[in-house]
Amino acid sequence: MTQQEFINKLAPIAVRDMSDSGVPASVTIAQAILESGYGTTELALKANNFFGMKCSLSGNTWKSAWDGKSKHTKKTKEQTKDGREYTVTAAFRKYPDMETSVKDHSCYLTGAKNGPKLRFAGLAGEKDPEKAIKIIKDGGYATDVKYVDKVMSIINKYNLTQYDKAEVNHTSGQKPCIQIIPELAT
């Protein structure tokens, strides 16, 4: 699959999801490109996980589209605030398809909490992609110190904001955020 084919496949899913979640489609598409290498990473190919979603996130107290059981374990690089890299072995969520991966990602971004407050407060409905990405970064989604610049570069390169204005067709049967997985809460 070419880079443009990946975008063409993901865009209608991200647009439908934006209508439900309020997360800009441009941000969803750009994050998926960055996190999954246009769908070519091990996580994307073996687990339909296009966002690096780990099994345990924010205590798993938010509603999720993930089944709570399916997982894929692998080594991953993380970064400290000063930019030093280190490697960890982590369990990642495994999804049946791209649509469920997108939906669960948005459920996380709109429902995860840090104590009593939403971790990414202000994201849902934010129209400015750069502000949305800063909210995501500031909420602790990514450890990469250049995350905002990287995501914005992708949005600009492919003019992804065009999808933030797209018409929405609700015939997809999109999977809702349906469950909280308390047994995984930490």
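Residues numbered from 1 in each chain as written. Predicted model: local features only at pLDDT ≥ 70, side-chain atom pairs only at ≥ 80, totals over all residues. Heavy atoms only, no water.

The subject of this paragraph is the nonpolar core. Residues Ile29, Ile33, Tyr108, Tyr141 and Leu160 are the most contacted members of the largest nonpolar core, which totals 48 residues. Those elements that place two or more of their residues in this core are α1 (3-21), α2 (25-36), α4 (98-111), α5 (129-138) and α6 (147-157). Counting residues per element, this core draws most heavily on α1, which supplies eight residues. (Core = buried A, V, L, I, M, F, W, Y, C linked by side-chain atoms within 4.5 Å. Buried < 20%, exposed > 50% of the residue type's maximum accessible area, 1.4 Å probe, protein only. Helix = DSSP H or I, 4+ residues; strand = E, 2+ residues; numbered from the N terminus.)

All right, on to α4 then. Across its 14 residues, α4 extends 20 Å between first and last C-alpha, which sits within 8% of the 20 Å expected from 1.5 Å per residue. For α4, the complete set of buried residues consists of Met98, Glu99, Thr100, Ser101, Val102, Lys103, Asp104, His105, Ser106, Cys107, Tyr108 and Leu109. Next to the buried residues of α4 lie α1, α2, β2 (85-93) and α5. By the N-cap criterion, in which a side-chain oxygen at the helix start approaches the backbone nitrogen of a residue two or three places on, α4 is capped by Asp97, the distance to Glu99 being 3.4 Å. (Expected span 1.5 Å × (residues − 1). Contact = heavy atoms within 4.5 Å. Polar contact = N/O pair within 3.5 Å; in protein donor to acceptor, adjacent residues only side chain to side chain.)

On to the pairing of β2, then. Bridge count for strand β1 (residues 71-79) against β2 is nine bridges, and the pairing is antiparallel. Considered in β2, the bridge of Lys77 is made with Thr87. Where β1 folds back onto β2 in an antiparallel hairpin, the turn is made up of five residues, including Gly83, whose phi is positive at roughly 95°. (Pairing = 2+ DSSP bridges.)

All right, on to the pattern of salt bridges then. In this structure the tally under the stated criterion is five salt bridges. For Lys103, the salt bridge identified is with Asp17, shortest N-O distance 3.8 Å. Here Lys103, found in helix α4, pairs with Asp17, found in helix α1; they are 86 residues apart in sequence, far enough to count as distant. You'll find Lys103 and Asp17 in the same group, each marked buried. Measuring nitrogen to oxygen at the nearest pair gives 2.5 Å for the salt bridge that ties Lys150 to Asp144. We classify Lys150 as partly exposed; its relative accessible area is 36%. (Salt bridge = Lys/Arg side-chain N within 4 Å of Asp/Glu carboxyl O.)

Bringing the packing of aromatic side chains into the picture now. Scanning all chains against the criterion turns up seven aromatic pairs. For the ring pair Phe6 and Phe50, a centre distance of 6.0 Å and an interplane angle of 40° mean the geometry is tilted. Here Phe6, found in helix α1, pairs with Phe50, found in the loop between α3 (42-47) and β1; they are 44 residues apart in sequence, far enough to count as distant. You'll find Phe6 and Phe50 in the same group, each marked buried. (Phe/Tyr/Trp six-rings, centres within 6.5 Å; stacked < 30°, edge-to-face > 60°.)

Take the layout of surface pockets next. A water-sized probe rolled over the atoms picks out the places where empty space is left. Approximately 790 Å³ is the volume attributed to the largest pocket. For the largest pocket, the lining is made up of 26 residues, of which Glu35, Thr76, Lys77, Glu78 and Thr143 are closest to its centre. Taken together, the elements giving at least two residues each to the lining of the largest pocket come down to α2, β1, β2 and α6. Sorting elements by how many residues they give to the lining of the largest pocket places β1 first, with five residues. Its residues placed into classes, the lining of the largest pocket shows 10 nonpolar, seven polar and nine charged. (1 Å grid on protein atoms, 1.4 Å probe; cavity = no way out; pocket = protein on both sides within 12 Å on 5 of 7 lines; lining within 4 Å. Points joined across faces, edges and corners; volume = space filled by probe spheres on them. Nonpolar A, V, L, I, M, F, W, Y, C, P; charged D, E, K, R; others polar.)

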